[in-house]
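Descriptive analysis of the structure
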Amino acid sequence: MKFFVDTAEIDAIAELNDLGMVDGVTTNPSLIKKSGRDIIEVTKEICAMVTGPVSAEVTATDAETMIAEGRKLVEIAENIAVKVPLTWDGLKACKVLSDDGHMVNVTLCFSANQALIAAKAGATFISPFIGRLDDINLDGMELINDIRQIYDNYGFDTEILAASIRSANHILDSALIGADVITAPPAVIKSLANHPLTDKGLATFLDDIKAADIKIL
Ligand code: G3P
């Protein structure tokens, strides 16, 4: 499973990247706003740091302008994936940009039928939003499962990029289902290392190290 980091914060990406845990990065207008940075400048910095795909999202809603924006975004670096919304115009832009040989991430996916039609339009990645479905008492993980089944039934190459991940359990369930990629905030990725029994066990070991005056260096 590939790990993408869902942020435009350079320091947070660098910390995980140094551990070899960053297979790519996803950004969106809200994350760019949060960073306080210019979209082109910050995306360029991220692309220079990370070798895998870096998703940068268009701002237009009509296909023609989305295509023009996408063509500008791909000039930033070779590893740009143009992110377009799952609208009819977004699908048109997806088809043109993917036919041009660019990676396209189709975002804001909330149904299996949307994922099916994005694959037909040549999407490189489909981004189903788990957390936002859970927020309205629907089952985000059921969507990941349905898309996995549909893509496997027909051998679609589009990669399932599980997004809007809010917890370690979302990552675990995505991995069990077989999502190709998860994108999560840095804090959620780091939380995968946590377990209370690890903390408890370490506390006991530290007590014993002190009691027995165990030294290595
Ligand atoms: O990159 C899009 C997605 O991951 C957003 O997540 O938490 O804002 O629903 P969230």
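Look a little higher up for the structure.
Treat the numbers as computed from the prediction; the structure is a model and nothing was measured. (Residues numbered from 1 in each chain as written. Predicted model: local features only at pLDDT ≥ 70, side-chain atom pairs only at ≥ 80, totals over all residues. Heavy atoms only, no water.)

Overview of the overall build of the chain
- When helices and strands are counted, the chain shows eleven helices and eight strands.
- The principal-axis extent of the C-alpha atoms belonging to the chain is close to 70 × 40 × 30 Å.
- Across the 217 residues of the chain, 45% fall into the buried class.
- Taking all contacts inside the chain whose residues are at least 6 apart in sequence as the whole, residues at least 24 apart take part in 57%.
- When the accessible surface of the chain is split by element, carbon and sulfur atoms take 54% of a total near 11500 Å².
- Charge separation in the chain, taken as the distance between the mean sites of 18 positive and 32 negative side-chain charges, equals 2 Å. (Helix = DSSP H or I, 4+ residues; strand = E, 2+ residues; numbered from the N terminus. Buried < 20%, exposed > 50% of the residue type's maximum accessible area, 1.4 Å probe, protein only. Contact = heavy atoms within 4.5 Å. Areas by Shrake-Rupley, 256 points an atom, 1.4 Å probe, with all protein chains shown as cover. Lys, Arg positive; Asp, Glu negative; His and termini not counted. Charge placed at Lys NZ, Arg CZ, Asp CG, Glu CD.)

Focus on the site of the ligand
- Neighbouring the ligand are Asp6, Asn28, Lys83, Phe129, Arg132, Ala163, Ser164 and Arg166.
- A distance of 2.7 Å separates an oxygen atom of the ligand from a polar side-chain atom of Ser164.
- Here the shell around the ligand is composed, by residue class, of two nonpolar, two polar and four charged. (Near = heavy atom within 4 Å. Polar contact = N/O pair within 3.5 Å; in protein donor to acceptor, adjacent residues only side chain to side chain. Nonpolar A, V, L, I, M, F, W, Y, C, P; charged D, E, K, R; others polar.)

Let's talk about the pairing of strand E1 (residues 2-6)
- Burial analysis of E1 places four of its five residues in the buried class, the great majority of the element.
- Pairing analysis gives three bridges linking E1 to strand E2 (residues 24-26), with the strands arranged parallel. Residue pairing in the sheet places Phe4 in a bridge with Gly24 of E2. (Pairing = 2+ DSSP bridges.)

Here's the deal with the packing of aromatic side chains
- Enumeration over the complete set of coordinates arrives at four aromatic pairs.
- The interplanar angle of 75° and the centroid separation of 5.6 Å between the aromatic rings of Phe4 and Phe125 together place this pair among those described as edge-to-face. One end of the pair, Phe4, is in strand E1; the other, Phe125, is in strand E6 (residues 125-128), with 121 residues separating them in the sequence. Both residues of the pair, Phe4 and Phe125, count as buried.
- Their ring planes at 65° and their centres at 5.5 Å tell us that Phe110 and Phe129 sit as a pair that is edge-to-face. Taken as a pair, Phe110 in the loop between strand E5 (103-109) and helix H6 (112-120) and Phe129 in the loop between E6 and helix H7 (130-135) lie far apart in primary sequence, 19 residues in all.
- Here a set of aromatic residues connected by ring pairs shows up, and it is made of Tyr151, Tyr154 and Phe156. (Phe/Tyr/Trp six-rings, centres within 6.5 Å; stacked < 30°, edge-to-face > 60°.)

Concerning the nonpolar core
- Counting 56 residues, the largest nonpolar core has Ile46, Ile80, Val84, Val106, Ile126, Ile147 and Ile165 as the members making the most contacts within it.
- For this core, the element with the most residues is helix H8 (residues 140-154), which contributes five residues.
- If we ignore the near neighbours within four places in the chain, the residues touching Ile147 are Cys109, Ala112, Ala115, Ile126, Pro128 and Ile160.
- Membership of the second largest hydrophobic core comes to five residues, among which are Phe4, Ala81, Leu161 and Val181. (Core = buried A, V, L, I, M, F, W, Y, C linked by side-chain atoms within 4.5 Å.)

Notes on unusual backbone geometry
- The backbone phi angle of Asn137 is positive, close to 65°, even though this residue is not glycine.
- For Asn137, the location among the structural elements is in the loop between H7 and H8.
- Within the chain, Ser164 stands out as a residue other than glycine whose phi angle is a positive 55°.
- The topology assignment puts Ser164 in the loop between strand E7 (159-162) and helix H9 (168-177).

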